[in-house]
Amino acid sequence: MSDTTTMDTVLRARVLHHLYRDSVALLRIASTTERLDGIVRVGAVMATPANAAILAQSDMLPDTLDATADDLVFVVRGYNEQAVEAALDAAESALTVAETGAGQHAEQLPGTVPEGIAAAARDNGVAATIAAVSVPGTYASVVAEQSLRHGLHVLCFSDNVPIEDEVRLKTVAVERQLLMMGPDCGTAILDGVPLGFANVVRRGNIGIVAASGTGAQEVSRLIDAAGSGVSQLIGVGGRDLSADVGGLMTDLALGFLVEDPETSVIVVVSKPPAPEVADRLIKRLSRIAASGKPTIACFLGLDDSDPATPQTQVCIRGTLEGGAMAAASRDGHPFDVDDAVTANALELPGRILGLFTGGTLASEAKLIVQRGGAVAEVLDLGDDQYTAGKPHPMIDPDARAARIAAAGEDPSVGIILIDVVLGFGAAADPATPVADAVRSARHAAGADGRRLAVIGSVCGTDGDPQSLSHVRSILESAGVTLCQTNAAAARLAVAMSQQHTTQQHGQHGMEAEA
Amino acid sequence: MCVDRHARPGAAFSCAAIVHVGQSAVVLRPVSGTHGAADGLLVVTGESAGLMPGGIRMPNAQFSALLPRFAALRTRNTLVDATTFAHSAMEIDLHIRPSKTYRAALDALQRGLWAETCANGTNAAGTHNTAAVMNPDPLRRQAPLLAAAATDGAMAQVRRQVGSLIGAGPGTTPTGDDIIVGVLAACALVDDRRAGALVATAVAPLLADTTAASQHYLRAAIDGRFGEHIHELVSAATARSSPAEAIARAKTWGSSSGLDVLTGLLAMLKAAQPNTERMDDLSMERSA
């Protein structure tokens, strides 16, 4: 113990060797101590050299202080020795109480997988079978692995999970015959229960394995519109068909669908897989088809290929629309897409500006306008570069609406191409902000003596919370030309565009931002 | 149960002494032998506090049950066997990987930090009389200076700033140390190895000037490993999670530790961004 007297006050210190206290507790105790009668100032810090120097600067350092950096020093300045000693006693007592009181916690919500399993059993009376993981990517692999090791299927919405972790997780899942959907998987429908972003589609006989969220939504809603239904929609994450992951989860999901008595047709939806993975996958799909379940490989960008013997070989389609048509047809509900409006389209000057919320829908549109040779710029506004610090445009439509309105001021734009995605997880009213923006854009273009066409499609069903017919009426009232499918909208845009290039557009040029 | 992948508790912890029992962590030290971590400390935490470098994280309920036991044991100088904690625990890599940060996210974090430091007045205890040594604000004002010196490669300036920050301020991990950890986290995030090496070089000879717990975290930071709570801030800075939620969580780490780390992190991220102005000095913003 040390003491120093300065003017009319007394300074004393108490050193508590090798004692740590959380700074919250220290500040609380210091503040309480300071309110005692006769006390001027209090300090409670670790006795590091730097803190000793700061104490000295504020006349709070005793002349001698026998303490090291791992010691807690409590210093009190007061008007008399008795008051200061009493304050130090009270502080030391409070520190002891604080320590023995550690561990008193209020009841908390489940914070771990085992706690969640226990809570589900307690609250619902049934054992959980699936864990939805949406924690930041840094932790997602740990939570997902815990879930798998507890026997749960996993839907992992989180992204930014290292690919080596994805391979490890999917290997564990395959060993245990569990679904590891994701990372970065936003869409699934299991036993009729939608998970993540999903449309309300009727149950039926078509099983979908999807490495693409909005791709799966477009295919499933077109199947529904055709009168068919979905048995299972299993998302696998956008990297599953990469060379690194090798289709681990697609293989497992296909196995489940082959065994599923409710599934009679199987579709795999993806952006183009790694070539070696695609080759192997197509061979497997052919074997499945030969065993009695027709299969469709819906890989964006591939050339359509109809097998010589449809019942024994895989059918390949390069658009989402084509994949849905092939699947519905094999399920006994063929449908055609009415392109009559395309045939009669008026041509407009100006380039096509695609403003999309769905990544795979943007890819499909980009593919079609590229093939059509139109001058176009197609943006996926759900990409990381546009969503930094903001919600995804499928959740918050305002950012996309602002771009639509701004496009009306751009004389180089003749056609705006859009998607509107409905279903669980999407915005409650995705149409009104778009409709308002379209009116604004068309008004601005008209004031400038230009015509501006807005073309799009709605990825949704009348069973969706937003209602397809209601959304269509809002958009059409604003002058949006709506097509039956996303691909049809892109074709119409190409047909209306007067600006065509003489050569194929490169990927870079298509993605340049306005 | 999770452990730091790069400092899994070894056999040495079959006989460990309790160093510290706090609301959010229990710190153990092996009585003899060696340990995977350079300084040999083991930080046991619950889910709420998150995994710390060289630590074990257990479910909240288990940690809550453990705390009173440890608190009682400590008064009798009893040794414990901590190796059983890590049995079958999953390993987590606590390294921060280089990633892109977003200006909008950094601005949102900066606004949140500013709002919190303004709202709390001159110290978190809500009183203006406690000794200056318990006020983190003067130390926080040094963060941009350290960041600028590290970015500019000015070793003498880095040494000066680190020398006045290390071990300075309130808390078991003093404010100055938390700021340095935040700066090192930012260096790892933007992959500025030169700046990180400068700060590490300045810190290493001064480690004895701070607490054992802080030495532990600083050593891990020099090695590129950071507690899960710092990963949450990084996640917000890279626009993978909500800045508001990250600020709210940071406020729960000690009275000022979370905000101190964030101060260092933001200062370095702002300084490291090319062609953008440096972060304004907090004190200047507050006096404006």
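All of these numbers come straight from a predicted model, not from anything done at the bench.

Structural notes on the sheet that holds strand 6 (residues 153-156) of chain A
Residues and elements named next belong to chain A.
Okay, step 1: Strands sit in the order 5-6-7 across an open sheet of 3 strands; the sheet is parallel. The open sheet terminates on both sides in strands that have one partner only, identified here as strand 5 (130-133) and strand 7 (180-181).
Okay, step 2: Sheet topology note: the strand 5/strand 6 ladder contains 4 bridges and is parallel. The partner of alanine 131 across the bridge, within strand 6, is valine 154.

A closer look at the packing of helix 4 (residues 143-152) of chain B against helix 7 (residues 193-203) of chain B
Residues and elements named next belong to chain B.
Okay, step 1: Put simply, helix 4 and helix 7 touch, their axes get as near as 8 Å, and they point 120 degrees apart. In terms of axis orientation, helix 4 runs oblique to helix 7. Judged by the sense of rotation from one axis to the other, the crossing of helix 4 with helix 7 is right-handed. Of the residues in helix 7, those in contact with Leu146, Ala150, Thr151 and Asp152 of helix 4 are Arg194, Ala195, Leu198 and Val199.
Okay, step 2: The residue inventory of the contact of helix 4 with helix 7, partitioned by class, reads 5 nonpolar, 1 polar and 2 charged.

Topic: the confidence of the model for chain A
Okay, step 1: Taken as a whole, chain A shows an average pLDDT of 86; of its residues, 88% reach a score of 70 or greater.
Okay, step 2: Low pLDDT, under 50, characterises residues 1-5 of chain A; the stretch is placed with 19 contacts to residues that sit more than four places away or in other chains.

So, helix 9 (residues 275-290) of chain A
Turn by turn, an α-helix covers 3.6 residues, leaving residues three or four places apart pointing in a common direction.
Residues and elements named next belong to chain A.
Okay, step 1: Between the first and last C-alpha of helix 9 there are 22 Å, a value that for 16 residues agrees with the 22 Å anticipated at 1.5 Å per step.
Okay, step 2: Every buried residue of helix 9 is accounted for by Val277, Ala278, Leu281, Ile282, Leu285, Ile288 and Ala289. Along the long axis of helix 9, the arc covered by the buried residues comes to 125 degrees, so they all point the same way. Turned more than 90 degrees away from the buried face of helix 9 sit Lys283, Arg287 and Ala290, all of them exposed.
Okay, step 3: Looking at the buried residues of helix 9, the elements they touch are helix 8 (248-259), strand 12 (265-270), strand 13 (295-299) and strand 14 (315-317).
Okay, step 4: At the exit of helix 9 stands glycine 292, carrying a positive phi of roughly 125 degrees.

Points about the sheet that holds strand 15 (residues 351-356) of chain A
All names here are of chain A.
Okay, step 1: On the basis of which strands lie adjacent, the open sheet formed by 5 strands has the order 16-15-17-18-19 and parallel pairing. Two strands lie at the open edges of the sheet, namely strand 16 (376-380) and strand 19 (481-483), each paired on one side alone. For this sheet, the mean inter-axis angle between neighbouring strands, taken without regard to orientation, is 20 degrees.
Okay, step 2: One ladder, built from 5 bridges, connects strand 15 with strand 17 (residues 413-421); its direction is parallel. The residue of strand 17 that forms the bridge with glycine 354 is leucine 417.
Okay, step 3: Packed onto the sheet, helix 7 (residues 213-226) meets strand 17 and strand 18 (453-459) and runs at close to 80 degrees relative to strand 18.

Quick word on the environment of glutamate 232 of chain B
Okay, step 1: Within the secondary structure, glutamate 232 of chain B sits in helix 9 (residues 228-237).
Okay, step 2: For glutamate 232 of chain B, a relative accessible area of 18% translates into the label buried.
Okay, step 3: A C-alpha to C-alpha distance of 9.4 Å links glutamate 232 of chain B and isoleucine 247 of chain B, two positions 15 residues apart in sequence.
Okay, step 4: Those residues in contact with glutamate 232 of chain B that lie beyond four places of it in its chain are Tyr139 of chain A together with Ser241, Ala246, Arg249 and Trp253 of chain B.

A closer look at the packing of helix 14 (residues 398-407) of chain A against helix 15 (residues 431-447) of chain A
Residue and element names in this part refer to chain A.
Okay, step 1: Direction vectors running N to C along helix 14 and helix 15 enclose 15 degrees, while the axes themselves pass 8 Å from each other. With respect to their mutual orientation, helix 14 and helix 15 come out roughly parallel. In this structure, helix 14 meets helix 15 at a crossing whose hand is right-handed. Contact with helix 14, carried on its side by Asp398, Arg400, Ala401, Ile404 and Ala405, involves Pro433, Val434, Ala437, Val438, Ser440 and Ala441 of helix 15 and no other residues of that element.
Okay, step 2: When its residues are assigned to classes, the contact of helix 14 with helix 15 shows 8 nonpolar, 1 polar and 2 charged.

As for the pattern of salt bridges
All names here are of chain A.
Okay, step 1: The final tally for this structure, using the stated rule, is 36 salt bridges over all chains.
Okay, step 2: Note that aspartate 339 and arginine 491 form a salt bridge whose closest N and O atoms lie 2.7 Å from each other. One end of the pair, aspartate 339, is in the loop between helix 10 (320-330) and helix 11 (340-343); the other, arginine 491, is in helix 17 (residues 486-496), and 152 residues separate them in sequence.
Okay, step 3: The class of aspartate 339 is partly exposed, set by a relative accessible area of 27%.
Okay, step 4: A salt bridge links arginine 439 to aspartate 436; the nearest nitrogen and oxygen atoms lie 3.4 Å apart. Here arginine 439 pairs with aspartate 436, and both are found in helix 15, just 3 residues apart, close to one helical turn.
Okay, step 5: Residue aspartate 436 is classed as partly exposed on the basis of its relative accessible area of 44%.
Okay, step 6: Salt bridges linked by common partners bring Arg12, Arg14, Glu81, Glu85, Asp89 and Glu92 together as one network.

Here is what the cut-offs are and how they apply
Here the residue numbering is sequential within each chain, running from 1 through the sequence in written order. Each chain takes a letter, starting from A, and each ligand takes a number, starting from 1, following the order in which they are written. At least 70 in pLDDT is required for a residue's local features to be given in this predicted model, at least 80 for side-chain atom pairs to be given and counted, and no such filter applies to totals for whole chains, interfaces and linings, which use all residues. To obtain the side-chain values, all non-hydrogen atoms of the structure were used and water was disregarded. Two strands qualify as a pair provided DSSP detects at least 2 bridges between them. Labels follow the DSSP assignment, with helices taken as runs of H or I lasting at least four residues and strands as runs of E lasting at least two, numbered in each case from the N terminus. Helix axes are fitted to C-alpha atoms over the stretch in contact, other axes to C-alpha atoms as well, and angles between N-to-C directions run from 0 to 180 degrees. Should an angle fall under 35 degrees it is taken as roughly parallel, and over 145 as roughly antiparallel, whereas 65 to 115 is taken as roughly perpendicular and any remaining angle as oblique. In this scheme, a crossing is called left-handed if the near helix is turned counterclockwise away from the far one by less than a right angle; it is called right-handed if the turn is clockwise. Contact between two residues is taken to exist if any of their heavy atoms lie within 4.5 Å; hydrogens are not considered. Each residue is assigned to one class: nonpolar for Ala, Val, Leu, Ile, Met, Phe, Trp, Tyr, Cys and Pro, charged for Asp, Glu, Lys and Arg, and polar for all the others, Gly among them. Note on scores: pLDDT gives the predictor's confidence for each residue, bounded by 0 and 100. Working rule for helices: expected span equals 1.5 Å times residues minus one. Each residue gets one of three labels from its accessible area relative to the maximum for its type: buried under 20%, exposed over 50%, partly exposed in between, using a 1.4 Å probe on protein chains only. It is the directions from the helix axis to the C-beta atoms that the arc portrays. Within this document, salt bridges are pairs made up of a side-chain nitrogen of Lys or Arg and a carboxyl oxygen of Asp or Glu, the two lying within 4 Å of each other.

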